[in-house]
Amino acid sequence: MEREIDRFWRSAFESLKSMTRVHPRNFPYTTVIDQNILGFLLVNVDTHRCLCTVQPIDEDSRRQGKTLSTSKRKEILRAFYKSAVGTLLPPIVESDAHQTENFHTRLKHAVLETYMCLENHKCYAVAATPYQIYVLYSANIPTYAMRSVTSKLFNSLLKIKGMQV
């Protein structure tokens, strides 16, 4: 029995072992990202795979009380995703049952980027076929910088060797 387990699980064991090293960040620590990023969701629309984290950087004790909790980050990122997909950005899965006309279908151009600024956080989304990336930022980041920081994050994530998003 042990030989059979070893035979079938050996390749998966290394993957699982490497994943435990990056949890809860969910991507390698060698990938450097901006300190203002509180979380992100990268979706591959074609393969229906995603990469998500709400703990992209190690929080030091000085920043702990000044930032959003992980549960609040999840809630905000989920709400931003839900507000952007289907209204501004095309839905990930087209539904044949309810072919309702969405706002994004009435536009004369395709929406590729959108952002939202609130008192304690900012959000930015980019659609770059076949990917969509949704990023949650601290309120400290200048609004004009979100586009370039998101682009750098997106390119860094796509360059990670072995990542299949």
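As the structure is a prediction and not an experimental result, all values here were calculated from the model. (Residues numbered from 1 in each chain as written. Predicted model: local features only at pLDDT ≥ 70, side-chain atom pairs only at ≥ 80, totals over all residues. Heavy atoms only, no water.)

## What about the nonpolar core?
Argument step 1. Among the nonpolar cores identified, the biggest contains 22 residues, and Ile37, Phe40, Leu42, Ile133, Tyr137, Leu153 and Leu157 are the most heavily contacted of them.
Argument step 2. Secondary structure elements with two or more residues in this core: β1 (37-44), β4 (121-128), β5 (131-138) and α5 (146-158).
Argument step 3. If you tally residues by element for this core, the top one is α5, at five residues.
Argument step 4. Residue contacts for Leu157: discarding those within four places in its chain leaves Phe27, Phe40, Leu42, Leu51 and Ile133.
Argument step 5. Among the nonpolar cores identified, the runner-up in size contains 17 residues, and Ile76, Leu77, Val85 and Ala125 belong to it. (Core = buried A, V, L, I, M, F, W, Y, C linked by side-chain atoms within 4.5 Å. Buried < 20%, exposed > 50% of the residue type's maximum accessible area, 1.4 Å probe, protein only. Helix = DSSP H or I, 4+ residues; strand = E, 2+ residues; numbered from the N terminus. Contact = heavy atoms within 4.5 Å.)

## Re the sheet that holds strand β3 (residues 113-117)
The pairing of strands in a sheet happens through backbone hydrogen bonds and is either parallel or antiparallel.
Argument step 1. Here we have five strands laid out as an open sheet, ordered β2-β1-β5-β4-β3, and antiparallel in their pairing. Strands at the two margins of the open sheet, each flanked by one partner only, are β2 (49-53) and β3. The sheet shows a mean angle of 10 degrees between the axes of neighbouring strands, direction not considered.
Argument step 2. As defined by bridge partners, β1 adjoins β5 across seven bridges and the pair is classed as antiparallel. By the bridge assignment, Leu42 is partnered in β5 with Ile133.
Argument step 3. Here helix α3 (residues 70-84) sits on the sheet and contacts β1, β2, β3, β4 and β5; the angle it forms with β5, its principal contact strand, is near 135 degrees. (Pairing = 2+ DSSP bridges. Axes fitted to C-alpha atoms, helices over the stretch in contact; angles between N-to-C directions.)

## What about unusual backbone geometry?
Argument step 1. With an omega dihedral of 5 degrees, the bond running from Thr129 to Pro130 counts as a cis peptide bond.
Argument step 2. Within the secondary structure layout, Pro130 lies in the loop between β4 and β5.
Argument step 3. In this structure, His48 takes a positive phi of about 60 degrees despite not being glycine.
Argument step 4. Looking at the secondary structure, you find His48 in the loop between β1 and β2.
Argument step 5. A residue is classified by how much of its surface remains accessible, and His48, at 53% relative accessible area, is exposed.

## A look at the pairing of β2
When a strand is regular, its side chains alternate between the sheet's two faces.
Argument step 1. Examined bridge by bridge, β1 and β2 share five bridges and lie antiparallel to one another. Note that in β2 the partner of Leu41 across the bridge is Cys52.
Argument step 2. Linking β1 back to β2 in an antiparallel pair, the connection comprises four residues, with His48 at a positive phi of about 60 degrees.

## Observations regarding α5
Argument step 1. Taking 1.5 Å as the rise per residue, α5 with 13 residues should run 18 Å; its terminal C-alpha atoms sit 18 Å apart, in good agreement.
Argument step 2. Of the residues making up α5, those classed as buried are Met146, Val149, Thr150, Leu153, Phe154 and Leu157. Seen from one end, α5 has its buried residues packed into an arc of 135 degrees, which puts them on one side. Facing away from the buried side of α5, by more than 90 degrees, are the exposed residues Arg147 and Lys152.
Argument step 3. Where α5 is buried, its residues meet β1, β2, β3, β4 and β5. (Expected span 1.5 Å × (residues − 1). Arc of directions from axis to C-beta.)

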